[in-house]
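Structure at a glance
This is what each chain is made of:
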Amino acid sequence: VPTNELAKAFGVSDRRILQLVEAGIIETVPGSGRSKVFDLENVVPQYAAFLTSGVPLKDWAPDK
């Protein structure tokens, strides 16, 4: 799904979705380029893990 549809599904702004990508919380479909595309099967659990972690976005450091 595109960024705007994911933002609607999550109840956040398009900008917040991009911040989540930049922070490494959710991943785009490889090769989606500038117009981000997301696979719901992957991003829903990623976002749920972030929400349940209780860690503020500014302090988030993805597991590497």
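To start, this report covers the structure provided alongside it. Residue positions within a chain follow its written sequence, with the count starting from 1. For this predicted model, a pLDDT threshold of at least 70 governs which residues receive local features, and a threshold of 80 or more governs which side-chain atom pairs are given and counted, while totals over whole chains, interfaces and linings are taken from all residues. Here the side-chain values reflect all heavy atoms present in the structure, with hydrogen atoms and water set aside.

Below, the discussion takes up the overall build of the protein. Each helix is a run of DSSP H or I of at least 4 residues and each strand a run of E of at least 2, with the numbering of both proceeding from the N terminus. When you go through the protein residue by residue, the secondary structure sums to 3 helices and 0 strands. From first element to last, N terminus to C terminus, the protein shows the α and β order α-α-α. C-alpha atoms of the protein, sized along the principal axes, occupy 25 × 25 × 20 Å. Only protein chains enter the area calculation, which uses a 1.4 Å probe; residues under 20% of their type maximum are buried, those over 50% are exposed, and those in between are partly exposed. Among the 64 residues that make up the protein, the fraction classed as buried is 27%. A separation of at least 24 residues holds for 44% of the contacts in the protein among residues at least 6 apart in sequence. To measure how exposed things are, a 1.4 Å probe is used in the Shrake-Rupley method; for residues, cover is taken only from the protein chains shown. Total accessible area on the protein stands at roughly 4300 Å², and carbon and sulfur atoms take up 53% of it. Here, residues are in contact when the closest pair of their heavy atoms is within 4.5 Å.

We now examine the environment of aspartate 14. Inspection of the secondary structure puts aspartate 14 in helix α2 (residues 14-22). Between the C-alpha atom of aspartate 14 and that of glutamine 46, which follows or precedes it by 32 residues, the distance is 17 Å. When sequence neighbours within four positions are dropped, the list of residues in contact with aspartate 14 reads Thr3, Asn4 and Ala7.

Here the focus is the packing of aromatic side chains. Each Phe, Tyr or Trp ring (for Trp, its six-membered ring) is paired with any other whose centre lies within 6.5 Å, and the angle between the two planes then decides the class: stacked below 30 degrees, edge-to-face above 60, tilted in between. Scanning all chains against the criterion turns up 2 aromatic pairs. Plain terms: the ring middles of phenylalanine 10 and tyrosine 47 are 4.2 Å apart, the flat faces sit at 10° to each other, and that makes the pair stacked. Of this pair, phenylalanine 10 sits in helix α1 (residues 3-10) while tyrosine 47 sits in helix α3 (residues 40-53), and the two are 37 residues apart along the sequence. Owing to a relative accessible area of 11%, tyrosine 47 belongs among the buried residues under this scheme.

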